[in-house]
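Breakdown of the fold
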Amino acid sequence: MIVSGTNLTMTRGDSECLEVTISGYELQPGDKLEMTVRPYVGGKILLHKEITEFEGNIVDIPIWPEDTQSLSFGVYVYDLQLTFAGGAVKTIVKPSRFTVAQEVTYDY
């Protein structure tokens, strides 16, 4: 995975793990971090990850081959939203590019 600011690029069908460090807040039981990928803001959800287990203030978001193998090569949009146990919501990564790059080895 290539991270450039908040923009992400990954090869379709690869296994990746996006490590997110939360600063300015101590993660608590009941908190939830969500990653959502869509073709455009408001479009159909193509990939959604919900993480409720953390190690300190580090959140690992695993992306498995089956999460991206059916996606077309191209640029999508994603964001990261933290929902606190008490119900408050904070978007910690505003809508940014999520690029699914080509691969050569696997034939779909």
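Residues numbered from 1 in each chain as written. Predicted model: local features only at pLDDT ≥ 70, side-chain atom pairs only at ≥ 80, totals over all residues. Heavy atoms only, no water.

Focus on the overall build of the protein chain
What the protein chain contains, in helices and strands, is one helix and eight strands. Order of helices (α) and strands (β) in the protein chain, N terminus to C terminus: β-β-β-β-β-β-α-β-β. The C-alpha radius of gyration of the protein chain comes to 14 Å, within 12% of the 13 Å expected for a compact globule of 108 residues. Residues counted as buried form 36% of the 108 residues belonging to the protein chain. Sequence separation of 24 or more characterises 62% of the internal contacts of the protein chain that already satisfy a separation of 6 or more. (Helix = DSSP H or I, 4+ residues; strand = E, 2+ residues; numbered from the N terminus. Rg over C-alpha atoms; globule rule 2.2 N^0.38 Å. Buried < 20%, exposed > 50% of the residue type's maximum accessible area, 1.4 Å probe, protein only. Contact = heavy atoms within 4.5 Å.)

Re the environment of Thr68
Within the fold, Thr68 resides in helix 1 (residues 65–68). What makes Thr68 buried here is its relative accessible area of 0%. Between the C-alpha atoms of Thr68 and Gly13, which are 55 residues apart in sequence, the distance is 5.3 Å. Leave out the neighbours within four places in its chain, and Thr68 touches Met10, Thr11, Arg12, Gly13, Asp14 and Ile63.

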